[in-house]
Amino acid sequence: MGMTAGTSATGGSRRGRRRGRRGPVSEINVTPLVDVMLVLLIIFMVAAPMMTVGVPIDLPETQAQALNSDTQPITISVNPEGQIFLQETEIGIDEVVPKLEAIATTGYSERIYVRGDASAGYGTVMQVMARISAAGFKNIGLVTLQEQDS
């Protein structure tokens, strides 16, 4: 008179499943989904820096109104002779970054405006902007005059 555990008259299972057939699995395997998402994340992290070309700047629109700001931005000007001015003080190209770092009150998020004369050399203005950008400053803008309607 022996009794076997786990068997019953309805098919040998306590859960009432039929013998030899399995029901559909209602679980989602998310491991492959996570793997694909991580690969896509890595691809975008590697490709994102390559998508920016040149110096990242905020170009103001020519018909935009003047910006209202509580803090006065730092202004760097380039005149037609290629001389560089920080606010109203003339400085050399090698002094641009150290002087900016010294007077920037909010660090590398300080707003910097570059004013280049219309007859100033394009290369000089680009050298100034490249040095500012390479130093880590992110908010660089070019100043233009508003368009006159005639």
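Everything here concerns the structure above.
What you see is a predicted model, and the numbers here were worked out from it, not measured in a lab.

## Some thoughts on the overall build of the chain
Stage number 1. When you go through the chain residue by residue, the secondary structure sums to three helices and five strands.
Stage number 2. N-terminal to C-terminal, the α/β element order of the chain is α-β-β-β-α-β-α-β.
Stage number 3. For the chain, buried positions account for 17% of its 150 residues.
Stage number 4. For the chain, the proportion of contacts with a sequence separation of at least 24, taken over those separated by at least 6, is 69%.
Stage number 5. For the chain, the exposed surface amounts to about 12,200 Å²; the carbon and sulfur share of it is 56%.

## Brief notes about the nonpolar core
The nonpolar side chains of a soluble globular protein tend to be buried with one another.
Stage number 1. In this structure, Ile 76, Ile 84, Val 96, Leu 100, Ile 112 and Ile 132 are the most contacted members of the largest nonpolar core, which totals 18 residues.
Stage number 2. Those elements giving two or more residues to this core turn out to be β1 (74–78), β2 (84–86), α2 (96–103), β4 (111–116) and α3 (122–135).
Stage number 3. What Ile 76 contacts, discounting residues up to four positions off in sequence, is Ile 84, Phe 85, Leu 86, Val 96, Leu 100, Ile 112, Tyr 113, Val 114, Arg 115, Val 128 and Ile 132.

## Let's talk about the pattern of salt bridges
Stage number 1. All told, the structure shown has two salt bridges when counted by the stated rule.
Stage number 2. For Asp 94, the salt bridge goes to Arg 131, with nearest N and O atoms at 3.1 Å. Of this pair, Asp 94 sits in the loop between β3 (89–91) and α2 while Arg 131 is found in helix α3, placing the two residues 37 residues apart along the sequence.
Stage number 3. Overall, the relative accessible area of 59% leaves Asp 94 in the exposed class.
Stage number 4. Taking the shortest distance from any N to any O, the salt bridge between Glu 95 and Lys 99 comes out at 3.8 Å.
Stage number 5. According to the relative accessible area criterion, Lys 99 is partly exposed, its value standing at 35%.

## Describing unusual backbone geometry
Stage number 1. With a phi close to 60 degrees, Gln 87 is a non-glycine residue in the positive phi region.
Stage number 2. Inspection of the secondary structure assignment puts Gln 87 in the loop between β2 and β3.
Stage number 3. Gln 87 sits in the partly exposed class, given a relative accessible area of 35%.

## Quick look at the pairing of β1
Stage number 1. For β1, the tally of buried residues reaches five of five residues, placing the bulk of the element in the interior.
Stage number 2. Of the two faces of β1, the one holding Ile 74, Ile 76 and Val 78 and the one holding Thr 75 and Ser 77 are both buried throughout.
Stage number 3. Judged from the three bridges that link them, β1 and β2 form a sheet pairing that is antiparallel. What sits directly across from Ser 77, in β2, is Phe 85.
Stage number 4. What sits between β1 and β2 in their antiparallel hairpin is a turn of five residues, with Gly 82 showing a positive phi close to 90 degrees.

Rules and cut-offs
Residues numbered from 1 in each chain as written. Predicted model: local features only at pLDDT ≥ 70, side-chain atom pairs only at ≥ 80, totals over all residues. Heavy atoms only, no water. Helix = DSSP H or I, 4+ residues; strand = E, 2+ residues; numbered from the N terminus. Buried < 20%, exposed > 50% of the residue type's maximum accessible area, 1.4 Å probe, protein only. Contact = heavy atoms within 4.5 Å. Areas by Shrake-Rupley, 256 points an atom, 1.4 Å probe, with all protein chains shown as cover. Core = buried A, V, L, I, M, F, W, Y, C linked by side-chain atoms within 4.5 Å. Salt bridge = Lys/Arg side-chain N within 4 Å of Asp/Glu carboxyl O. Pairing = 2+ DSSP bridges.

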